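# Architecture at a glance
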Amino acid sequence: MKLILLGPPGAGKGTIAKALMELDGSVQISTGDILRAAVAAGTELGKQAEAAMKAGDLVTDELIMGIMEQRLQQEDCQQGYLLDGFPRTIPQAQALKALLEKLGEKLNCALELDIPRDVIIDRLTTRRTCTNCGAIYNVKFKPPKVEGLCDNCGGEIVQRDDETEEAIENRLEVYNEQTAPLVEFYRNEGLLVTVPTSELEAVMAAIEDRL
Ligand code: AMP
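In this text the structure is predicted, and so the values were computed from the model without any measurement. (Residues numbered from 1 in each chain as written. Predicted model: local features only at pLDDT ≥ 70, side-chain atom pairs only at ≥ 80, totals over all residues. Heavy atoms only, no water.)

## Looking at the overall build of the protein
- Within the protein one finds 9 helices and 8 strands.
- In terms of overall size, the protein behaves like a compact globule, its C-alpha atoms giving a radius of gyration of 16 Å where 211 residues would be expected to give roughly 17 Å.
- Here the C-alpha coordinates of the protein stretch approximately 45 × 40 × 35 Å along the principal axes.
- Put simply, the protein has 211 residues, and 47% of those count as buried. (Helix = DSSP H or I, 4+ residues; strand = E, 2+ residues; numbered from the N terminus. Rg over C-alpha atoms; globule rule 2.2 N^0.38 Å. Buried < 20%, exposed > 50% of the residue type's maximum accessible area, 1.4 Å probe, protein only.)

## Quick look at unusual backbone geometry
- A cis amide bond links F86 to the next residue, P87, at an omega of -5°.
- As for its placement among the helices and strands, P87 is situated in the loop between β3 (81-84) and α5 (90-103).

## Details of the packing of aromatic side chains
- Evaluated as defined, the whole model comprises 1 aromatic pair.
- When the ring of F185 is compared with that of Y186, the centres are 4.9 Å apart and the planes differ by 80°; the resulting orientation is edge-to-face.
- Using a relative accessible area of 14% as the deciding quantity, one classes F185 as buried.
- The class for Y186 is buried, based on a relative accessible area of 3%. (Phe/Tyr/Trp six-rings, centres within 6.5 Å; stacked < 30°, edge-to-face > 60°.)

## Here's the deal with the side chain of T89
- Along the polypeptide, T89 turns up in the loop between β3 and α5.
- A distance of 3.0 Å separates polar atoms of two side chains, one belonging to T89 and the other to D61. (Polar contact = N/O pair within 3.5 Å; in protein donor to acceptor, adjacent residues only side chain to side chain.)

## Some thoughts on the confidence of the model for the protein
- Across the protein, the average pLDDT comes to 94, with 100% of residues at or above 70.
- When pLDDT is averaged over each element of the protein, helix α8 (residues 181-188) comes out on top at 98 and helix α6 (residues 117-125) at the bottom at 89. (pLDDT = per-residue confidence, 0-100.)

## Let's talk about the nonpolar core
- Among the nonpolar cores identified, the biggest contains 31 residues, and Y81, L83 and Y186 are the most heavily contacted of them.
- Counting only elements with at least two residues in this core, the list comes to β1 (2-6), β2 (27-30), α3 (44-55), α4 (61-71), β3, α5 and α8.
- Here the element with the most residues in this core is α4; it accounts for 5 residues.
- Core analysis: the second largest hydrophobic core is formed by 23 residues, C109, I168, L172 and M204 among them. (Core = buried A, V, L, I, M, F, W, Y, C linked by side-chain atoms within 4.5 Å.)

## Focus on the state of the cysteines
- Counted by the stated rule, this structure contains 0 disulfides.
- With no disulfide partner, C153 has as its closest neighbouring cysteine sulfur the one in C130, 3.6 Å distant. (Disulfide = S-S within 2.5 Å.)

## Considerations on the site of the ligand
- The ligand sits among 16 residues. The nearest are T31, R36, D57, G85 and Q92.
- At 3.2 Å from a nitrogen atom of the ligand is found a main-chain nitrogen or oxygen belonging to V59.
- Here an oxygen atom of the ligand sits 3.1 Å away from a polar atom, N or O, in the side chain of R171.
- In isolation the ligand offers 480 Å² of accessible surface; the protein chains occlude 96% of this area.
- For the shell around the ligand, the element with the most residues is helix α2 (residues 31-41), which contributes 4 residues.
- Split into classes, the residues belonging to the shell around the ligand amount to 6 nonpolar, 4 polar and 6 charged. (Near = heavy atom within 4 Å. Areas by Shrake-Rupley, 256 points an atom, 1.4 Å probe, with all protein chains shown as cover. Nonpolar A, V, L, I, M, F, W, Y, C, P; charged D, E, K, R; others polar.)

Now the structure itself:
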């Protein structure tokens, strides 16, 4: 399937994408993960993205489209893809539309996870991420078996730089200003599916309904 996952940071897009991947071999493409890997590796891309990411601001549309134009043409996208954290602005959504037209591809839907703000803030401040494989934990609901270490790969589990209270407030503001308008954009495209939860079964039912 070819899907966009829409929703504020902490809505559960990554977790849903990972579960959907198991279903039909679609790949999760997280622009946030790609950028974090570039920062960790100290590449030119990473250097360009680092300051904006740390503050919870968006990196430029040009940088993101440069990444995605290449990524969407890689072999593993043939089976389908789950776009997690992209597009995040109207210009990105327009550029994606043009790119997919050029590639002769169609999206199945844009799935919006519509989650209340207090739930989001609680989730983000208690979230921890594996620095090695990106697995997500939660100090309250899903702690790792051994404190500080990833169950999957033994990597170090940390609180992300952009998951401090201040950066989270900023990320939510950025979401409301720059990304929330995409809901209307995809409604007009006839692609929007909204679910008021990130509970896997309900999300799956909504997707099956649509497909
Ligand atoms: P995420 O893990 O999706 O929350 O992304 C982490 C950070 O990476 C964001 O706060 C942005 O700084 C940057 N980022 C990720 N995806 C995008 C995008 N599509 N457009 C602009 N910035 C992005």
